Amino acid sequence: MALVRNPSFGIRRQMIAALLVFVGVGAFLFGVENTLPQVLAASFVAVILDFFLQYIQRKKFYFSETALITGLIIALVLDLNTPLLVVALAAIIAILGKH
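Here the structure is a predicted model, which means the values were calculated and not measured.

Peer 1: I'd like a rundown of the pattern of salt bridges, residues and numbers included.
Peer 2: Side-chain pairing between opposite charges can occur once the charged atoms of the two side chains come close. A full pass over the atoms with the stated rule returns two salt bridges. Close ionic contact of Glu-65 with Arg-13 constitutes a salt bridge, the shortest N to O distance being 2.9 Å. Pair noted here: Glu-65 is in helix α3 (residues 65-77) and Arg-13 is in helix α1 (residues 11-30), with a separation of 52 residues, a long-range link. Here Asp-50 makes a salt bridge to Lys-98, at a shortest N to O gap of 3.0 Å. Remark: Lys-98 occurs in helix α4 (residues 84-98) and Asp-50 occurs in helix α2 (residues 32-58); sequence separation between them is 48 residues. The class for Asp-50 is buried, based on a relative accessible area of 0%. Judged by relative accessible area, Lys-98 falls into the partly exposed class, the value being 36%.

Peer 1: If you had to explain the packing of aromatic side chains to someone new, which residues and values would you point to?
Peer 2: As enumerated under the stated definition, the model contains two aromatic pairs in all. Their ring planes at 15° and their centres at 5.3 Å tell us that Phe-51 and Phe-61 sit as a pair that is stacked. Within this pair, whereas Phe-51 is found in helix α2, its partner Phe-61 is found in the loop between α2 and α3, the two being separated by ten residues in sequence. Here Tyr-55 and Phe-61 contribute two aromatic rings whose centre-to-centre distance is 4.8 Å and whose plane-to-plane angle is 20°, an arrangement assigned as stacked. Exposure remark for Phe-61: the relative accessible area of 60% places this residue in the exposed category. An aromatic cluster of at least three residues, connected via ring pairs, comprises Phe-51, Tyr-55 and Phe-61. Above the ring of Tyr-62, the side-chain terminus of Arg-58 is found at 4.4 Å from the ring centroid.

Peer 1: Now, about the side chain of Asp-50: what can you tell me, with residues and values included?
Peer 2: For Asp-50, the side chain forms a polar contact with the side chain of Ser-64, separated by 3.5 Å. Side-chain polar atoms of Asp-50 contact the side chain of His-99, separated by 2.6 Å.

Peer 1: Break down α1 for me, with residues and values.
Peer 2: The terminal C-alpha atoms of α1 lie 28 Å apart, and with 20 residues this matches the ideal 28 Å at 1.5 Å per residue to within 8%. Within the span of α1, buried status applies to Ile-16, Leu-19, Val-23, Gly-26 and Ala-27. Buried residues of α1, viewed axially, fall in a sector of 100°; they line one side. When the buried face of α1 is taken as reference, the exposed residues oriented beyond 90 degrees from it are Ile-11, Val-21, Phe-22, Phe-28 and Leu-29. Those residues of α1 hidden inside the fold are in contact with α2 and α3.

Parameters and conventions
- Residues numbered from 1 in each chain as written.
- Predicted model: local features only at pLDDT ≥ 70, side-chain atom pairs only at ≥ 80, totals over all residues.
- Heavy atoms only, no water.
- Salt bridge = Lys/Arg side-chain N within 4 Å of Asp/Glu carboxyl O.
- Helix = DSSP H or I, 4+ residues; strand = E, 2+ residues; numbered from the N terminus.
- Buried < 20%, exposed > 50% of the residue type's maximum accessible area, 1.4 Å probe, protein only.
- Phe/Tyr/Trp six-rings, centres within 6.5 Å; stacked < 30°, edge-to-face > 60°.
- Lys NZ or Arg CZ within 6 Å of the ring centre and 35° of its normal.
- Polar contact = N/O pair within 3.5 Å; in protein donor to acceptor, adjacent residues only side chain to side chain.
- Expected span 1.5 Å × (residues − 1).
- Arc of directions from axis to C-beta.
- Contact = heavy atoms within 4.5 Å.

Next comes the structure, spelled out in structure tokens:
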């Protein structure tokens, strides 16, 4: 059976889907109340900062899927006991390193 590649579902979206599976497993194992704040903090900070920096550079609104990927990776890598401020700072450093 051959796998059919869907061109509308690119590699970035596949990466987001795979990371969301890991977030779901983490929420199942460690509880949504422990996992969700960290995932939301890292993803929100990364996406908003990247959105703002893209607007400054391009003078138009642009949503980057790579910022969401960065936020999800940071949320999954850091320990659940990490303060949300540290999670947000890690996302800020990662996005600034990208630009």
